[in-house]
Each structure stands twice: as C-alpha cells, then as structure tokens.
Amino acid sequence: MPIVAKSFLHNDDKMVGTSGDADGNLAEDVQDWITSQDAELVATTNLNVTCTKYGSKIFTLVVLDSD
C-alpha cells in the first residue's frame, strides 16, 4: 500500500471557516483531501496529522500510511 502525503499552509487569521460550522478552513481542507483519496486506502491505513506554527502561518502535514 503506498504512502500518500499532503501539506497545507494556512494563515493563522483565516482559521475560522465561512461555512457556518465549527471547523475552520484548515480542518475543511484536510477533510476534503482525505475524502478525495481512495476509500479502500483511507479505510485500511493510519492517519497521521502534524501541525506547527511558522510565523503567522500554520503548516500542516497529513500522511496516510499502511505501516
């Protein structure tokens, strides 16, 4: 099973989403990316999410792996 990863960079002042629900832009982007992956891959792998602040931005790395 392959390892797939995606990184995101969001402004820390843009974390609140505009859709009216509780999750912000970062959470929505991560959720959208995960659901865009192959359903079998998502169901049978480990999800790893790491976030760190970089100046006024939030850097997020999302990894799906089978090990």
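Anyway, here's the lowdown on the structure attached to this text. (Residues numbered from 1 in each chain as written. Predicted model: local features only at pLDDT ≥ 70, side-chain atom pairs only at ≥ 80, totals over all residues. Heavy atoms only, no water.)

We now examine the overall build of the protein chain. Each helix and strand in the protein chain was counted, giving two helices and three strands. Each of the 67 residues in the protein chain was classed as buried or not, and the buried ones make up 28%. Taking as baseline every contact in the protein chain between residues at least 6 positions apart, the subset at least 24 positions apart corresponds to 52%. (Helix = DSSP H or I, 4+ residues; strand = E, 2+ residues; numbered from the N terminus. Buried < 20%, exposed > 50% of the residue type's maximum accessible area, 1.4 Å probe, protein only. Contact = heavy atoms within 4.5 Å.)

Before going further, it helps to spend a moment on the packing of aromatic side chains. Taken as a whole and assessed by the stated rule, the structure comprises zero aromatic pairs. Positioned over the ring face of Phe 8 is Lys 6, at 5.5 Å from the centre of the ring. (Phe/Tyr/Trp six-rings, centres within 6.5 Å; stacked < 30°, edge-to-face > 60°. Lys NZ or Arg CZ within 6 Å of the ring centre and 35° of its normal.)

With that out of the way, let us pick up the pattern of salt bridges. A complete count under the given rule lists one salt bridge for this structure. The closest approach of N and O atoms between Asp 12 and Lys 53, which form a salt bridge, is 2.6 Å. With a gap of 41 residues between them, Asp 12 in the loop between strand E1 (4–11) and helix H1 (25–36) and Lys 53 in strand E2 (residues 46–54) connect regions that are remote in the sequence. A residue is classified by how much of its surface remains accessible, and Asp 12, at 30% relative accessible area, is partly exposed. Residue classification places Lys 53 among the exposed positions, given a relative accessible area of 51%. (Salt bridge = Lys/Arg side-chain N within 4 Å of Asp/Glu carboxyl O.)

The antiparallel open sheet is built from three strands, whose spatial order is E1-E3-E2. The open sheet has two edge strands with one neighbour each: E1 and E2. On average, each strand axis in the sheet is inclined to that of its neighbour by 15°, with strand direction left out of account. In terms of strand pairing, E2 meets strand E3 (residues 57–65) through nine bridges, oriented antiparallel. From the neighbouring strand, Thr 50 faces E3, where its bridge partner is Leu 61. Seen against the sheet, H1 touches E1, E2 and E3 and runs at an angle of roughly 160° to E1. (Pairing = 2+ DSSP bridges. Axes fitted to C-alpha atoms, helices over the stretch in contact; angles between N-to-C directions.)

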